[in-house]
Amino acid sequence: MSRSAYTTPPDSEQALLERARAIAGQRFAELAEQLGEPVPAEQRHAKGWIGQLLERALGASAASLPEPDFQQLGVELKSLPLNANGLPRESTYVCTVPMNETNQLRWERSWLRLKLQRVLWIPIEADPRLPLAQRCIGNALLWSPSPGQEAMLRDDWEELMELVCLGRWEELSARHGRYLQIRPKAAHSRVLTEAHDSEGNLCRILPRGFYLRTDFTRQILEQHYAG
DNA sequence: TACTGATCATTC
DNA sequence: GAATGATCAGTA
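What you see is a predicted model; the values in this text were computed from it and never measured. (Residues numbered from 1 in each chain as written. Chains lettered and ligands numbered in written order. Predicted model: local features only at pLDDT ≥ 70, side-chain atom pairs only at ≥ 80, totals over all residues. Heavy atoms only, no water.)

A.B. asks: So, the overall build of chain A: which residues are in play, and what are the values?
C.D. replies: Tallying secondary structure elements over chain A gives six helices and eight strands in all. If you list the helices and strands of chain A from N to C, you get α-α-α-β-β-α-β-β-α-β-β-β-β-α. Projected onto its principal axes, the C-alpha positions of chain A cover 60 × 40 × 35 Å. Going through the 227 residues of chain A one by one, you find that 41% of them count as buried. In chain A, 63% of the contacts between residues at least 6 apart in sequence involve partners at least 24 apart. (Helix = DSSP H or I, 4+ residues; strand = E, 2+ residues; numbered from the N terminus. Buried < 20%, exposed > 50% of the residue type's maximum accessible area, 1.4 Å probe, protein only. Contact = heavy atoms within 4.5 Å.)

Written out as structure tokens, the structure is:
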């Protein structure tokens, strides 16, 4: 069955899962052709290509907005690149680290928690030895954090946000956090955003983002495909 | 070889 | 410039 991109978002989780099931097992050459797009020769110059292709293929609505990808459903779409052993190959970007947001002080209202309330994970074959066009799309899984997973994320988030709120930028590195980490999130290392330092003075620092470590996303896969 | 810090494309 | 989508690549 061949078709083009959806122009309307799915109206239920069930409909979204059916769309995801329809592209599972396809290679990128096939999906890209259906959507009338060339497959980039080099992923180095097309880092977000897979995510954006999947958004179009499934009818996501909020590209490049600070909203869930499927606004009506409150579902976030995440591709999950897997190495040759079927394990996550990269950490997963979640959202930016708030620099001046006073409504971000509590876990319950945090962007991170909101983003991860409901996620459609799409595993992607990402063995670097395979050309991009030949890599396969996996079976999607719709996930919400278990109480245990939410507690793990909350512990890390609170530890990290303490450093953020105290303006201790020099101490903050990707080494903090068991499952969640903070890393640069910018076009390049000269990009600066406004923040406050540990003495409360305005300063300019590299923008940061929250990332899920592969240990965490591996657990999601194990939990789902165990049974 | 895994991990951290740096980087790339696109849209608004 | 800042948000989205991420992966690259040097080095520990």
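Having put the structure on the table, let's press on.
A.B. asks: Just give me the short version of the sheet that holds strand β8 (residues 208–212), but keep the residues and values in it.
C.D. replies: Read across the sheet, three strands follow the order β2-β8-β5 without closing on themselves; strand pairing throughout is antiparallel. Each having just a single partner strand, β2 (92–96) and β5 (180–184) make up the two edges of the open sheet. Across this sheet, the average inter-strand angle for adjacent strands is 40 degrees, counted without regard to direction. The sheet contact formed by β5 and β8 spans five bridges and is antiparallel. Bridge pairing in β8 links Pro184 to Arg208. Helix α5 (residues 147–165) contacts β5 and β8 of the sheet and is inclined by roughly 40 degrees relative to β5. (Pairing = 2+ DSSP bridges. Axes fitted to C-alpha atoms, helices over the stretch in contact; angles between N-to-C directions.)

A.B. asks: Hey, could you go over the protein's contact with DNA strand C for me, with residue numbers and the actual values?
C.D. replies: Taken together, 24 residues lie near DNA strand C, and Lys47, Glu76, Ser79, Arg89 and Lys185 sit nearest. Each atom of DNA strand C within 4 Å of the protein was assigned to sugar, phosphate or base; sugar and phosphate come to 67%. Here Arg44 contributes a side-chain N or O atom positioned 3.0 Å from a phosphate oxygen of DNA strand C. At 2.3 Å from a phosphate oxygen of DNA strand C is found a side-chain nitrogen or oxygen belonging to Arg89. The element best represented in the surface near DNA strand C is strand β1 (residues 76–82), accounting for four residues. Per-class residue counts for the surface near DNA strand C are six nonpolar, eight polar and 10 charged. (Near = heavy atom within 4 Å. Polar contact = N/O pair within 3.5 Å; in protein donor to acceptor, adjacent residues only side chain to side chain. Nonpolar A, V, L, I, M, F, W, Y, C, P; charged D, E, K, R; others polar.)

A.B. asks: Account for the packing of aromatic side chains, naming residues and giving values.
C.D. replies: Working definition: an aromatic ring pair is given by the centre-to-centre distance plus the angle between the planes. On inspection of all chains with the given rule, the structure shows six aromatic pairs. Pairing Trp143 with Phe216 gives two aromatic rings, centres 6.1 Å apart and planes at 85 degrees, and the pair type is edge-to-face. One end of the pair, Trp143, is in strand β4 (residues 141–143); the other, Phe216, is in helix α6 (residues 214–225), and 73 residues separate them in sequence. One exposure class covers both Trp143 and Phe216, and it is buried. In this structure, Arg183 packs its charged tip against the face of Tyr211, placed 4.1 Å from the ring centre. Lying across the ring of Tyr93, Lys185 places its NZ or CZ 4.5 Å from the centre. (Phe/Tyr/Trp six-rings, centres within 6.5 Å; stacked < 30°, edge-to-face > 60°. Lys NZ or Arg CZ within 6 Å of the ring centre and 35° of its normal.)

That's the geometry; what it means functionally is another story.
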